[in-house]
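What follows is the residue order along each chain.
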Amino acid sequence: MKLKKDTAKNNSMIDLSQDVLSVAPRLLGYNLLVIDEDGQQAGGKIVEVEAYMASDAASHSYRGETRRTTVMFRPAGGIYVYFTYGMHICMNVVTGKEGEGEAVLVRALQPIVGLEYMWPRRFNEPLPDEPQHTKLVQLTNGPAKLTQALGLTMQDNGIQLGEGRIELRPGDEPIVVAQTTRIGITKAIDMPWRWYIKGNEWVSRR
């Protein structure tokens, strides 16, 4: 199964050069796809995001541009991939104007296409004929889980959406958005800069 580019009914492509607090909630419902050289597609609907900016003590860009954070200061639409806890990879979409150091962390996806590719990457086993639903939810309900399932690596850092193997496409379903504080951080914990699709099973935490 492949996701068609013309699936959107009412949504148009988002302007990622807008400020991160505007872009982050609007990314919900969009489809994030990784397309390999052989045409294999894997991805799903973005259901949870967090916003980070240079004035934010929890952001990697808080101390200015470094070798690690250079991508965050490049033009909007870049993919910022970073290594964390010595074992995990997380993926962000760069937003705002060039030099501002803003990005949206993609925290969770609802898988739509490429289960046959994502499942072995996450669970080291072939996709069962009838996947257990609880395990299916665990496939992409977290920032490190979804990057593993999509097969993203540090080599994807700096890729521009639509110019490499990573694409963002409008969705076609109405959603209800919930807003709350971010999770998994120790600074600026009171900022209500996490958004998720209300009622979606793949959200990492309600």
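All values reported here derive from a predicted model rather than from experimental measurement.

What counts, and where the lines are drawn
- Residues numbered from 1 in each chain as written.
- Predicted model: local features only at pLDDT ≥ 70, side-chain atom pairs only at ≥ 80, totals over all residues.
- Heavy atoms only, no water.
- Salt bridge = Lys/Arg side-chain N within 4 Å of Asp/Glu carboxyl O.
- Helix = DSSP H or I, 4+ residues; strand = E, 2+ residues; numbered from the N terminus.
- Buried < 20%, exposed > 50% of the residue type's maximum accessible area, 1.4 Å probe, protein only.
- Contact = heavy atoms within 4.5 Å.
- Phe/Tyr/Trp six-rings, centres within 6.5 Å; stacked < 30°, edge-to-face > 60°.
- Arc of directions from axis to C-beta.

Visitor: I'd love a proper account of the pattern of salt bridges, names of residues and values included.
Guide: Considering all chains together, one arrives at 10 salt bridges under this definition. The residue aspartate 36 makes a salt bridge to arginine 165 at a minimum N-O spacing of 2.8 Å. Here aspartate 36, found in the loop between strand E1 (31-35) and strand E2 (41-52), pairs with arginine 165, found in the loop between helix H4 (143-150) and strand E6 (166-169); they are 129 residues apart in sequence, far enough to count as distant. The salt bridge partner of arginine 107 is glutamate 50, with a shortest N-O separation of 4.0 Å. Residue arginine 107 is located in strand E5 (residues 102-113), and its partner glutamate 50 is located in strand E2; the two are separated by 57 residues in the primary sequence. Judged by its relative accessible area of 0%, glutamate 50 falls in the buried class. What emerges from the salt-bridge pattern is a single network uniting Asp36, Arg121, Asp156 and Arg165.

Visitor: Tell me about the environment of alanine 188, and please be specific about residues and values.
Guide: Checked against the element boundaries, alanine 188 lands in the loop between strand E7 (177-180) and strand E8 (194-197). In the structure, alanine 188 is positioned 41 residues away from threonine 147 in sequence and 25 Å away in space, judged by C-alpha atoms. Not counting the four nearest positions on each side in its chain, alanine 188 is found in contact with Asp56, Ala58 and Arg182.

Visitor: An account of the packing of aromatic side chains is needed here, citing residue identities and associated values.
Guide: Summed over the entire model, instances satisfying the criterion amount to 2 aromatic pairs. Centre to centre, the rings of tyrosine 80 and tyrosine 82 are 5.5 Å apart; their planes meet at 35°, and the pair counts as tilted. There is no split in this pair, since tyrosine 80 and tyrosine 82 are both buried. Ring geometry for tryptophan 119 against phenylalanine 123: centres 4.8 Å apart, planes inclined by 65°, an arrangement best described as edge-to-face. One end of the pair, tryptophan 119, and the other, phenylalanine 123, are both in helix H2 (residues 115-123), 4 residues apart, so they sit about a helical turn from each other. The same class applies to tryptophan 119 as to phenylalanine 123, namely buried.

Visitor: Would you mind going over H4 in detail, with residue names and values included?
Guide: Across the 8 residues that make up H4, a large majority, 6, are buried. Within the sequence span of H4, burial applies to Pro143, Ala144, Leu146, Thr147, Ala149 and Leu150. Looking at the buried residues of H4, the elements they touch are E1, E2, strand E4 (88-95), E5 and H2. Downstream of H4 by a residue or two, glycine 151 has a phi angle that is positive, lying close to 75°.

Visitor: Provide a residue-level description of H2, including the pertinent values.
Guide: Along H2, the positions that sit buried rather than exposed are Met118, Trp119, Arg122 and Phe123. On an axial view of H2, the arc spanned by its buried residues comes to 100°, and they lie on one face. In this fold, the buried residues of H2 make contact with E2, E5, helix H3 (133-137) and H4. Backbone geometry just after H2 places asparagine 124 at a positive phi near 55°.

Visitor: Can you explain the side chain of asparagine 200? Please cite residues and give values.
Guide: In this structure, asparagine 200 sits in the segment after E8. When its relative accessible area of 8% is taken as the criterion, asparagine 200 is described as buried. Filtering out sequence-adjacent residues up to four positions away, asparagine 200 remains in contact with Lys45, Val47, Gln110 and Arg206.

The analysis is restricted to geometry; functional conclusions fall outside its scope.
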